Amino acid sequence: MNIPLTIKKTQMGLKEKKFSAVELVDAYLARINTFDKELNSFITVSDEHAYREAGDVDKSIKELGKEAFLKYPLLGVCVAHKDVFLTKSIRTTAASKVLENYIPAYSATVVKKMADAGSITLGKTNCDAWAHGSSGENSDFGPSKNPWDKEYVPGGSSSGSGVALAANFALIATGTDTCGSVRLPANYCCLFGLKPTYGSVSRYGVVAMASSLDSIGHLARSTEDIEKVFLVTKGLDQKDSTLAERNFQISKTKLRLGIAKEFFTEGLDEEVKNSVLASANFFEKNGFEVKEVSMPYTKYGISVYYIVQPAEVSSNLGRYDGIRYGGERKRFADEAKRRIMLGTYVLSSGYYDAYYLKAMKVRSKIIEDVQKVFENVDVLIAPVTPTPPFKLGEKVNNPLKMYLTDIFAATANLSGIPSLAIPCGFTKTGLPLGFQLMGPKFSEPLLFKLGKLYEDWTNWKPKVASLST
Ligand code: GLN
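Residues numbered from 1 in each chain as written. Predicted model: local features only at pLDDT ≥ 70, side-chain atom pairs only at ≥ 80, totals over all residues. Heavy atoms only, no water.

- Within an unreviewed UniProt entry, the label attached to the chain reads Glutamyl-tRNA(Gln) amidotransferase subunit A.
- Turning to the chain, the UniProt annotation filed under Subunit (unreviewed entry) states: "Heterotrimer of A, B and C subunits." (UniProt positions renumbered as here; feature names shortened; annotations may be inferred.)

Right under this line is the structure:
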């Protein structure tokens, strides 16, 4: 069967009985079995679990007919969860050997909410271990390959989630974004990716990386699908006290799109730059006011991130002491050790003021920049990364070079604002290109509106890579 590429088409097929949910699972698993040995996007395929959920979906459709789709908004949606989301009775490793044999006793709120809305869990996707990375190459289970060109990285840390969608192994994939980990694989795999407002989606049951930065997002092939999943996952949760809900009013006057000059610096690849500016042009041609703005402190974002984040990592990873759960500490690989050491250093007495405290002060300045800029514009457009996908192995031995991949991602995480990554074409050599739209806190409705407009103007069609064995 031809697997549909959007939620709407999948649910239409189920409604019209073109296929059953069990047949849909058959089709996805057949593709995974054929192609994933090489692409390595899944750490665990939960086929038994998937068939059980698919059976329930078919039963609901039989009993309730079309009503079932109103009751369960994600009915029949096959999902791949990043392997940092706890899944009851399905192994969850965070792509680290420390948790190689960990079978959670409960599911993350997001996993539960999606399953309660009718989704089917196909398995757990590969990622950089503990979500530390930008390329997927830090996984203790081996790197994933980019389906658009297997010599290239798919972007990290939610690497397997990007690959699984680009290869059509699933309809939706979840991810986490602490500094770009949803947007980056979306960008490198020709997908849409949402990093929501900090505190809008529950983090209960998700392996913590850096708690003042972590947000839970997802990847899909259209803005509409991103929105559908977000509407299910967002909202208060008794088990996560960092959550908040706010209504957002979309301005009725002419919308203003900001181009911050600090995001178009030296070192930005020409093709990336031109594709982002060409996308901004679409907004201008369609009645938006496009304004150049300045956010002087954002250029320090990546430096601040690489102090605050390891500090929080060193604290969060302290619980994996091999006594309560998880394997021995010596099973931590190099990247996690590097971050634990750096984090411990910047928090240690004598160095705390010079590094951590200073970084927190600069973070406040970045937050002020962001607040000020949204007095002048409704939304910002920026590249997601400075370059298109890079080759596997190209940066693994140079952590600093790897860290610079996140340079344009940091602002949204440090300030807590939402960002939607949108694909916009391909390089001359056929690698995906994209851009991000950032709005004020809780402006997801605006980002969805703009994403849909952009898709309409450009007549965008969901895309998957063509694969051969
Ligand atoms: N690439 C970033 C890092 O290595 C961000 C990771 C993430 O967003 N989880 O820290």
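Once you've had a look at it, read on.
### Here's the deal with the site of the ligand
For step 1, the next point in the chain: As a matter of local geometry, the ligand sits amid 16 residues, with Thr 178, Cys 179, Ser 181, Tyr 305 and Arg 339 nearest to it.
For step 2, the next point in the chain: Interatomic distance of 3.0 Å between a side-chain N/O atom of Ser 134 and a nitrogen atom of the ligand.
For step 3, the next point in the chain: With three residues, helix H10 (residues 301–316) is the largest single contributor of residues to the shell around the ligand. (Near = heavy atom within 4 Å. Polar contact = N/O pair within 3.5 Å; in protein donor to acceptor, adjacent residues only side chain to side chain. Helix = DSSP H or I, 4+ residues; strand = E, 2+ residues; numbered from the N terminus.)

### Re the pattern of salt bridges
For step 1, the next point in the chain: By the definition in use, this model includes 18 salt bridges.
For step 2, the next point in the chain: With a closest N to O distance of 3.4 Å, Lys 150 and Glu 38 form a salt bridge. One end of the pair, Lys 150, is in the loop between strand S3 (120–125) and helix H6 (159–166); the other, Glu 38, is in helix H2 (residues 21–39), and 112 residues separate them in sequence.
For step 3, the next point in the chain: A residue is classified by how much of its surface remains accessible, and Lys 150, at 25% relative accessible area, is partly exposed.
For step 4, the next point in the chain: Note that Asp 378 is salt-bridged to Arg 256, the shortest N-O span being 3.2 Å. Of this pair, Asp 378 sits in the loop between helix H12 (353–376) and strand S9 (379–382) while Arg 256 sits in strand S7 (residues 256–260), and the two are 122 residues apart along the sequence.
For step 5, the next point in the chain: Here Asp 378 falls in the buried class, since its relative accessible area comes to 12%.
For step 6, the next point in the chain: Arg 256 sits in the partly exposed class, given a relative accessible area of 23%.
For step 7, the next point in the chain: Several salt bridges share partner residues, and in doing so they unite Lys 8, Glu 224 and Lys 228 into one network. (Salt bridge = Lys/Arg side-chain N within 4 Å of Asp/Glu carboxyl O. Buried < 20%, exposed > 50% of the residue type's maximum accessible area, 1.4 Å probe, protein only.)

### Let's talk about the packing of H10 against helix H11 (residues 334–347)
For step 1, the next point in the chain: Running from N to C, H10 and H11 point in directions that differ by 100°, and their axes come no closer than 7 Å. With respect to H11, the axis of H10 lies roughly perpendicular. On the side of H10, the interface is formed by Tyr 305, Tyr 306, Ile 307, Gln 309, Pro 310, Ala 311, Val 313 and Ser 314, while H11 contributes Arg 339, Ile 340, Leu 342, Gly 343, Thr 344, Val 346 and Leu 347.
For step 2, the next point in the chain: Here the residues of the contact of H10 with H11 sort into ten nonpolar, four polar and one charged. (Axes fitted to C-alpha atoms, helices over the stretch in contact; angles between N-to-C directions. Parallel < 35°, antiparallel > 145°, perpendicular 65-115°, else oblique. Contact = heavy atoms within 4.5 Å. Nonpolar A, V, L, I, M, F, W, Y, C, P; charged D, E, K, R; others polar.)

### Details of unusual backbone geometry
For step 1, the next point in the chain: Cis geometry is found at the peptide bond from Gly 156 to Ser 157, where omega equals 5°.
For step 2, the next point in the chain: Counting through the fold element by element, Ser 157 comes out in the loop between S3 and H6.
For step 3, the next point in the chain: Here the phi dihedral of Phe 442 falls at roughly 65°; this positive angle occurs in a residue that is not glycine.

### Topic: the UniProt feature "active site" (unreviewed entry) in the chain
For step 1, the next point in the chain: Sequence positions flagged by UniProt for "active site" (unreviewed entry) are, in local numbering, Lys 82, Ser 157 and Ser 181. The named residues occupy 100 residues along the chain; their greatest pairwise C-alpha distance, 10.8 Å, places them in one compact cluster.
For step 2, the next point in the chain: Judged by relative accessible area, Lys 82 falls into the buried class, the value being 0%.
For step 3, the next point in the chain: When neighbours within four sequence positions are excluded, Lys 82 is seen to be in contact with Lys 124, Thr 125, Cys 127, Ala 131, Ser 157, Ser 158, Ser 161, Thr 174, Gly 175, Thr 176 and Ser 181.
For step 4, the next point in the chain: We classify Ser 157 as buried; its relative accessible area is 0%.
For step 5, the next point in the chain: Apart from the residues lying within four places of it in its own chain, the contact partners of Ser 157 are Lys 82, Asn 126, Cys 127, Asp 128, Ala 131, His 132, Gly 133 and Ser 181.

### Describing the environment of Leu 194
For step 1, the next point in the chain: Topologically, Leu 194 is positioned in strand S5 (residues 192–195).
For step 2, the next point in the chain: The exposure class of Leu 194 is buried, given its relative accessible area of 0%.
For step 3, the next point in the chain: Considering only alpha carbons, one finds Leu 194 and Val 77, 117 residues apart in sequence, at a separation of 18 Å.
For step 4, the next point in the chain: Residues within four places of Leu 194 in sequence aside, it is in contact with Val 182, Gly 217, His 218, Ile 226, Phe 230, Ser 419, Leu 420, Glu 444 and Phe 448.

### Considering the pairing of S3
For step 1, the next point in the chain: For S3, the buried fraction is high: six of the six residues fall into the buried class.
For step 2, the next point in the chain: Where strand S1 (residues 42–45) lies against S3, three bridges are found, and the strand directions are antiparallel. Along S3, the bridge assignment pairs Phe 42 with Thr 125.
For step 3, the next point in the chain: Considered for its hand, the β-α-β crossover made up of strand S2 (residues 78–82), helix H5 (residues 109–116) and S3 is right-handed. (Pairing = 2+ DSSP bridges. Right-handed = clockwise from strand over helix to strand, strands pointing away.)

### Looking at the sheet that holds S3
For step 1, the next point in the chain: Pairing is mixed across the open sheet formed by eleven strands, whose spatial order is S1-S3-S2-S4-S6-S5-S10-S11-S9-S7-S8. Single-partner strands in this sheet number two, and they are S1 and strand S8 (289–293). Adjacent strand axes in the sheet meet at a mean angle of 30° when their direction is disregarded.
For step 2, the next point in the chain: Examined bridge by bridge, S7 and S9 share three bridges and lie parallel to one another. The residue of S9 that forms the bridge with Ile 259 is Ile 381.

### Overview of the packing of aromatic side chains
For step 1, the next point in the chain: Scanning the entire structure with this criterion turns up 22 aromatic pairs.
For step 2, the next point in the chain: With a centroid separation of 5.5 Å and 40° between ring planes, the pair formed by Trp 130 and Phe 332 is classed as tilted. Residue Trp 130 is located in the loop between S3 and H6, and its partner Phe 332 is located in the loop between H10 and H11; the two are separated by 202 residues in the primary sequence.
For step 3, the next point in the chain: Here the aromatic rings of Phe 283 and Trp 457 are separated by 5.0 Å at their centres, their planes lie at 85°, and the arrangement is edge-to-face. On the criterion of sequence distance, the pair formed by Phe 283 in helix H9 (residues 270–285) and Trp 457 in helix H15 (residues 444–458) is long-range, its members being 174 residues apart.
For step 4, the next point in the chain: Owing to a relative accessible area of 0%, Phe 283 belongs among the buried residues under this scheme.
For step 5, the next point in the chain: By way of ring pairs, the aromatic residues Phe 282, Phe 283, Phe 288, Phe 435, Tyr 454 and Trp 457 are connected into one cluster.
For step 6, the next point in the chain: Between the NZ or CZ atom of Lys 97 and the centre of the ring of Phe 141, over which it lies, the distance is 4.7 Å.
For step 7, the next point in the chain: Taking the ring centre of Phe 390 as reference, the NZ or CZ of Lys 395 above it sits at 4.1 Å. (Phe/Tyr/Trp six-rings, centres within 6.5 Å; stacked < 30°, edge-to-face > 60°. Lys NZ or Arg CZ within 6 Å of the ring centre and 35° of its normal.)

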